[in-house]
Amino acid sequence: MTTGHVFIATSLDGYIARADGDIGWLLARDDQAEDHGYDAFIAGKDAIVMGRGSYEKAVTFDPWPYGLPVLVLSKQLAGTPVPAALRGKVRFSSLDPAQALAQLEKDGVRRVYVDGGQLVQSFLREGLIEDMVITTVPVLIGAGRPLFGALPRDRDLQLVASRSFPSGLVQSTYRLLP
């Protein structure tokens with residue numbers, strides 16, 4: 001079975017980006033001397049599934065930041081051509097989360113990094129997230145794109161680990177309970 005896994009940062013008040021998608025508040029506090037565990041996290045994944053907002057932010061980075069295959073779930077982008085520089089690296093699809101994981105499973109993918117606020121919310125609503133690594137940045141930005149949204153029922157989590165960094169970031173790993 002293909003499983004979904006989250007690695008994401010939020011402001012202390014729960015936002016992953018400003019309303020316009022800006023993440024400067026996060027990048028300004030990212031201490032390159034600190035190992036926040038992303039390399040170890042991504043090493044255990046076979047593919048990345050991201051939403052349109054995350055893709056539109058990532059495509060502005062030079063070079064393209066991902067070595068794994070990326071599936072972008074977006075009704076808006078589905079059916080449009082992938083930019084030439086990303087052919088073979090990125091696919092667009094209008095599948096829903098469960099359909100996407102089923103397709104990835106057929107392709108031999110077992111562990112998927114799920115990236116993007118709305119997409120994480122969709123995967124959570126469908127019970128498709130196994131665990132989450134959430135890094136909290138000690139800043140209040142007041143408004144923006146929230147990590148979490150409405151759920152059909154409470155989701156219980158088990159704290160697996162928590163650690164703090166000299167920069168003030170706090171990282172917690174949670175396993176979602178059935």
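Our subject is the structure listed above.
Here's what I pulled together on the structure shown here. Remember, it's a predicted structure, so these values are computed and weren't measured experimentally. (Residues numbered from 1 in each chain as written. Predicted model: local features only at pLDDT ≥ 70, side-chain atom pairs only at ≥ 80, totals over all residues. Heavy atoms only, no water.)

**Let's talk about helix α4 (residues 97-106)**
Each turn of an α-helix holds 3.6 residues, which means side chains three or four residues apart point in the same direction.
Moving on, step 1. Along α4, the positions that sit buried rather than exposed are P97, A100, L101 and L104. Within α4, the buried residues cover an arc of 95° as seen down the axis, which keeps them to one side.
Moving on, step 2. For α4, the capping residue at the N-terminal end is D96, with a side-chain oxygen 3.1 Å from the backbone nitrogen of A98.
Moving on, step 3. One or two residues past the end of α4 sits G108, with phi positive at roughly 90°. (Buried < 20%, exposed > 50% of the residue type's maximum accessible area, 1.4 Å probe, protein only. Helix = DSSP H or I, 4+ residues; strand = E, 2+ residues; numbered from the N terminus. Arc of directions from axis to C-beta. Polar contact = N/O pair within 3.5 Å; in protein donor to acceptor, adjacent residues only side chain to side chain.)

**Notes on unusual backbone geometry**
Moving on, step 1. Residue P63 follows D62 across a cis peptide bond; omega there is 10°.
Moving on, step 2. Along the chain, the position of P63 falls in the loop between α3 (52-58) and β4 (70-73).

**Regarding the environment of G168**
Moving on, step 1. The topology assignment puts G168 in the loop between β9 (157-164) and β10 (170-176).
Moving on, step 2. Since its relative accessible area comes to 31%, G168 is described here as partly exposed.
Moving on, step 3. Residues G168 and P138, 30 residues apart in the sequence, show an inter-C-alpha distance of 6.3 Å.
Moving on, step 4. Not counting residues within four places of it along the chain, the set of residues in contact with G168 comprises T136 and P138. (Contact = heavy atoms within 4.5 Å.)

**Remarks on the nonpolar core**
Moving on, step 1. Counting 23 residues, the largest nonpolar core has V49, V114, F123 and I129 as the members making the most contacts within it.
Moving on, step 2. Every element with two or more residues in this core is listed here: β1 (3-11), β3 (47-51), β4, α4, β6 (111-115), α5 (117-125) and β7 (129-137).
Moving on, step 3. The leading source of residues in this core is α5, at four residues.
Moving on, step 4. Those residues in contact with V49, other than ones at most four positions away along the chain, are L71, L73, L104, V112, Y113, V114, D115, L119 and F123.
Moving on, step 5. Core analysis: the second largest hydrophobic core is formed by 19 residues, I48, L68, V82 and Y113 among them. (Core = buried A, V, L, I, M, F, W, Y, C linked by side-chain atoms within 4.5 Å.)

**Regarding the packing of aromatic side chains**
Each aromatic ring pair is characterised by the separation of its centres together with the angle its planes make.
Moving on, step 1. Enumeration according to the criterion identifies seven aromatic pairs in this entry.
Moving on, step 2. On the basis of an interplanar angle of 65° and a centroid distance of 6.1 Å, the ring pair of Y38 and Y113 is categorised as edge-to-face. Of this pair, Y38 sits in helix α2 (residues 38-43) while Y113 is found in strand β6, placing the two residues 75 residues apart along the sequence.
Moving on, step 3. Note on W64 and Y66: the rings are 5.3 Å apart at their centroids and 75° apart in plane angle, and the pair reads as edge-to-face.
Moving on, step 4. The buried category is assigned to Y66, whose relative accessible area is 16%.
Moving on, step 5. Over the face of the ring belonging to F41 we find K45, whose NZ or CZ atom lies 3.9 Å from the ring centre. (Phe/Tyr/Trp six-rings, centres within 6.5 Å; stacked < 30°, edge-to-face > 60°. Lys NZ or Arg CZ within 6 Å of the ring centre and 35° of its normal.)

**Describing the sheet that holds β9**
By way of backbone hydrogen bonds, the strands of a sheet pair with one another, either parallel or antiparallel.
Moving on, step 1. Taken together, eight strands build an open sheet; the order of strands is β5-β4-β3-β6-β1-β7-β10-β9 and the sheet is mixed. Two strands lie at the open edges of the sheet, namely β5 (90-93) and β9, each paired on one side alone. Put simply, the sheet's adjacent strands are angled 20° from each other on average, direction ignored.
Moving on, step 2. Pairing of β1 with β7, which is carried by eight bridges, proceeds in the parallel orientation. Directly across from I8, in β7, lies its bridge partner I134.
Moving on, step 3. Its contacts with the sheet place α4 against β3, β4, β5 and β6, and it is angled at close to 160° to β4. (Pairing = 2+ DSSP bridges. Axes fitted to C-alpha atoms, helices over the stretch in contact; angles between N-to-C directions.)

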